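Listed here are the chains, written in short residue letters.
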Amino acid sequence: GAVVSQHPSRVICKSGTSVKIECRSLDFQATTMFWYRQFPKQSLMLMATSNEGSKATYEQGVEKDKFLINHASLTLSTLTVTSAHPEDSSFYICSAPGLAYNEQFFGPGTRLTVL
Amino acid sequence: EDQVTQSPEALRLQEGESSSLNCSYTVSGLRGLFWYRQDPGKGPEFLFTLYSAGEEKEKERLKATLTKKESFLHITAPKPEDSATYLCAVLLNRDDKIIFGKGTRLHILP
């Protein structure tokens, strides 16, 4: 199956700093990518839909000025957590659809810890 | 409101003890239903996509089935390496969004 990578896999930062997470589709192009966050023992919650060449679409309750998304190319989407706070600590996962959305390929996730 | 509910939340089985995980859904329009496996600290690993009631798919010890209201993931003679969280998700017709259930944490005892 197709491979989606994320970088970094783990990041620890101080409160008030910004953190950028990259999501790459390695062997296929993705005009759309999805960003999720997952708290311990909870399911994945969709944060936003990243669209190549246009603005991201955010889910209700997700602050677009705090979670900046840039889909710069057909293989790269980035999520920047601005002015991070401890409550932003979570597991962030991206995904990209396969052909006709029959499959969704997920990245390995990024563990963010804000001190 | 579109909802996906998985049960049980957690399940402990002895090695070789077959069982089923349930995923019930209430959505406005179903395009497809996914099953994923997720190991701790990792992203979900795709298992199956089901599209219509009556459809079944198999992979090794896993078999997924779909009705108009729910899906089952049957695990036959499980092994300890099958221990993981199994996630069910639905793909909606209207906007390509995927809604996840909370998952079932499966633990197979040797």
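As the structure is a prediction and not an experimental result, all values here were calculated from the model. Here the residue index of a chain counts from 1 through its sequence in written order. Each chain is given a letter, starting from A, and each ligand a number, starting from 1, according to the order in which they appear as written. This being a predicted model, a pLDDT of at least 70 is required before a residue's local features are given, and a value of 80 or more before pairs of side-chain atoms are given or counted; all residues contribute to the totals for chains, interfaces and linings. Derived side-chain values reflect all non-hydrogen atoms in the structure, with water molecules and hydrogen atoms excluded from consideration.

Turning next to the state of the cysteines. Disulfides are covalent bonds that link the sulfur atoms of two cysteine residues. Count a disulfide wherever a pair of cysteine sulfur atoms falls within 2.5 Å. Per the counting criterion, the structure on display carries 2 disulfides over all chains. Each disulfide pairs two cysteine sulfurs, and for Cys23 of chain A the partner residue is Cys94 of chain A, the sulfurs being separated by 2.0 Å. Its S-S torsion of approximately 85 degrees makes the covalent link between Cys23 of chain A and Cys94 of chain A right-handed. Taken together, the residues span a long stretch of sequence, with Cys23 of chain A in strand β3 (residues 19–25) and Cys94 of chain A in strand β9 (residues 90–97) at a distance of 71 residues. Note on accessibility: Cys23 of chain A and Cys94 of chain A belong to one class, buried. Sulfur-sulfur distance for the disulfide between Cys23 of chain B and Cys88 of chain B comes to 1.9 Å. For the disulfide bridge between Cys23 of chain B and Cys88 of chain B, the dihedral angle about the S-S bond is near -60 degrees, and by the sign convention the bridge is left-handed. With Cys23 of chain B in strand β3 (residues 19–26) and Cys88 of chain B in strand β9 (residues 84–92), this residue pair connects regions lying 65 residues apart in the sequence. Across the pair, exposure class does not vary: Cys23 of chain B and Cys88 of chain B are buried alike. There is no disulfide at Cys13 of chain A, and the cysteine sulfur nearest it, in Cys94 of chain A, is 18 Å away. Note on classification: 1.4 Å probe, protein chains only; a residue is buried when its accessible area is under 20% of the maximum for its type, exposed when over 50%, partly exposed between these limits. Of the residues examined, Cys13 of chain A reaches a relative accessible area of 8% and is grouped as buried. To qualify as a helix, a DSSP run of H or I must reach at least 4 residues; to qualify as a strand, a run of E must reach at least 2; elements of each kind are numbered from the N terminus.

Glancing now at the sheet that holds strand β7 (residues 62–66) of chain B. Residue and element names in this part refer to chain B. DSSP bridges decide pairing: two strands pair if at least two such bridges lie between them. Pairing is antiparallel in the open sheet, where 5 strands are placed in the order β1-β3-β8-β7-β6. Each having just a single partner strand, β1 (3–7) and β6 (56–59) make up the two edges of the open sheet. When the angles between neighbouring strand axes are averaged without regard to direction, this sheet yields 15 degrees. Of the pairings in the sheet, the one linking β1 to β3 comprises 5 bridges and is antiparallel in character. Within the sheet, the bridge partner assigned to Gln3 lies in β3 and is Thr26. Interaxial angle, 0 to 180 degrees, is taken between N-to-C directions of lines fitted to C-alpha atoms, where a helix line uses only the stretch in contact.

So, on to the pattern of salt bridges. Residues and elements named next belong to chain B. For salt bridges, the criterion is a side-chain nitrogen of Lys or Arg within 4 Å of an Asp or Glu carboxyl oxygen. Under the definition given, this model contains 6 salt bridges over all chains. The partner of Asp39 in a salt bridge is Arg37, with the nearest N and O atoms 3.1 Å apart. Of the residues examined, Asp39 reaches a relative accessible area of 23% and is grouped as partly exposed. Owing to a relative accessible area of 15%, Arg37 belongs among the buried residues under this scheme.

Bringing the confidence of the model for chain B into the picture now. Predicted coordinates in areas of low pLDDT are best not read in detail. The score called pLDDT rates the predictor's confidence residue by residue, from a low of 0 to a high of 100. Mean pLDDT over chain B stands at 93; residues scoring 70 or higher make up 100%. Mean pLDDT across the elements of chain B ranges from a minimum in strand β10 (residues 98–100) of chain B, with 88, to a maximum in strand β8 (residues 70–75) of chain B, with 98.

All names here are of chain B. Only rings of Phe, Tyr and Trp enter the pairing, Trp through its six-membered ring, and a pair is recorded when the two centres are within 6.5 Å. The plane angle decides the type: under 30 degrees is stacked, over 60 is edge-to-face, the rest tilted. All told, the structure shown has 10 aromatic pairs over all chains when counted by the stated rule. On the basis of an interplanar angle of 75 degrees and a centroid distance of 6.0 Å, the ring pair of Tyr36 and Phe46 is categorised as edge-to-face. Note that Tyr36 is positioned in strand β4 (residues 30–38) and Phe46 in strand β5 (residues 45–50), a separation of 10 residues in sequence. Under the relative-accessibility criterion, Tyr36 is labelled buried at 0%. Pairing Tyr36 with Phe100 gives two aromatic rings, centres 5.8 Å apart and planes at 40 degrees, and the pair type is tilted.

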